[in-house]
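Chains, contacts and geometry: an overview
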Amino acid sequence: MSGYARRGVHGQTVEAIAHRVLGGQLGEGATLDLAALQAELGVSLTALRESLKVLAAKGMVDARQKRGTFVRPRADWNLLDVDVLRWQFQSGTGPGAEAGPGAGGVPPLLRDLDEVRGIVEPAAVRLAAERRTDADLAALDAALTAMDEADDGAPEAVEADLAFHRALLAASHNELLERMEMVISTGLAARDRIVHGPGHHPGDPVPSHRAVLDAVRAHDADAAESAMRDLLAQAAQDLAELRENPAP
């Protein structure tokens, strides 16, 4: 689920085509006019084809003899790929997107993220409470300190939040759960930028995160799960308030 390098002509071309697919300008089953795309994007045919290979690897497009390159059905896309997730959050696409981007500019895909986090993180934090090491606690302490020192809404605050949740998944010492950080971190970064954006000031996130850490430190799996569920409930409430009272 690793992402590709976004810099340069290649990265820009991949992004441009991906957003056209996600935005519906290139709908499912549509055949791509490579000559028109090449002229519109101002790239060589080689660069265009290399970019399409990236999207093909993510299940978004395919190429067949006599048909050419076409957009595959959404059911074929690798929706857990970090880039596909990021593009969906940027485009406001996903389940329910046909009804619009959502009140307050909240992407519909964040609903799915909340449900996934509600399934994964309480279970992961129970394991973290049982298995955490001193190194895990040091990583969690560092992330919480960075969160406490960062200004609300600053990039440093977003990164500190991501680091905390990555460290929690790592502390589960379950390799498959650790890989979930790619999904959760991508969505969480999008969520944090919306919730902590201009005109919206949610409550201080440090106490709820500290409660989780304290329970993990104490090897108290029940308290850790309860604290995580409280944290997720507050996160859901922040989004609900943003939907009801969008920033001007």
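Residues numbered from 1 in each chain as written. Predicted model: local features only at pLDDT ≥ 70, side-chain atom pairs only at ≥ 80, totals over all residues. Heavy atoms only, no water.

So, about the overall build of the protein chain. Each helix and strand in the protein chain was counted, giving 11 helices and two strands. Ordering the α and β elements of the protein chain from the N terminus gives α-α-α-β-β-α-α-α-α-α-α-α-α. When burial is assessed residue by residue, the protein chain has 45% of its 248 residues classed as buried. Look at the contacts in the protein chain between residues 6 or more apart in sequence, and 68% of them connect residues 24 or more apart. Only carbon and sulfur atoms are counted for the fraction: they give 52% of the accessible area of the protein chain, which is about 12200 Å². (Helix = DSSP H or I, 4+ residues; strand = E, 2+ residues; numbered from the N terminus. Buried < 20%, exposed > 50% of the residue type's maximum accessible area, 1.4 Å probe, protein only. Contact = heavy atoms within 4.5 Å. Areas by Shrake-Rupley, 256 points an atom, 1.4 Å probe, with all protein chains shown as cover.)

Our next topic: the nonpolar core. Val125, Leu140, Phe164, Leu168, Val212, Val216 and Met228 are the most contacted members of the largest nonpolar core, which totals 24 residues. Elements with a minimum of two residues in this core: helix 5 (109-131), helix 6 (134-149), helix 7 (155-171), helix 10 (206-217) and helix 11 (221-244). The dominant element in this core, judged by the number of residues it contributes, is helix 11, at six residues. The residues touching Val212, leaving out its near neighbours within four places in the chain, are Val125, Leu168, Ala227, Met228 and Leu231. Counting residues in each nonpolar core, the second largest holds 21 residues, with Leu22, Leu26, Leu55 and Trp77 among its members. (Core = buried A, V, L, I, M, F, W, Y, C linked by side-chain atoms within 4.5 Å.)

Moving on, we come to the environment of Asp81. Secondary-structure assignment places Asp81 in the loop between strand 2 (68-71) and helix 4 (82-91). Assessed through its relative accessible area of 5%, Asp81 is described here as buried. Along the primary structure Asp81 and Met182 are separated by 101 residues, whereas in three dimensions their C-alpha atoms are 8.2 Å apart. A distance of 3.0 Å separates polar atoms of two side chains, one belonging to Asp81 and the other to Lys58. (Polar contact = N/O pair within 3.5 Å; in protein donor to acceptor, adjacent residues only side chain to side chain.)

Here helix 5 is 23 residues long and its end C-alpha atoms lie 32 Å apart, about the 33 Å a rise of 1.5 Å per residue gives. Most pronounced at Arg117, the bend in helix 5 amounts to some 30 degrees. Against the buried residues of helix 5 lie helix 4, helix 7, helix 8 (175-179), helix 9 (181-195), helix 10 and helix 11. (Expected span 1.5 Å × (residues − 1). Bend = angle between axes of the 7 residues up to and from the residue.)

Now for the packing of helix 6 against helix 7. For the pair helix 6 and helix 7, interaxial distance at closest approach is 8 Å and the crossing angle is 165 degrees. Taken together, helix 6 and helix 7 sit at an angle that is classed as roughly antiparallel. Between helix 6 and helix 7 lies a crossing of left-handed hand. The segment helix 6 lies against helix 7, with Asp136, Ala139, Leu140, Ala143, Leu144, Ala146 and Met147 engaging Ala160, Asp161, Ala163, Phe164, Ala167, Leu168, Ala170 and Ala171. For the contact of helix 6 with helix 7, the residue count by class is 13 nonpolar, no polar and two charged. (Axes fitted to C-alpha atoms, helices over the stretch in contact; angles between N-to-C directions. Parallel < 35°, antiparallel > 145°, perpendicular 65-115°, else oblique. Left-handed = near helix turned anticlockwise from the far one by under 90°. Nonpolar A, V, L, I, M, F, W, Y, C, P; charged D, E, K, R; others polar.)

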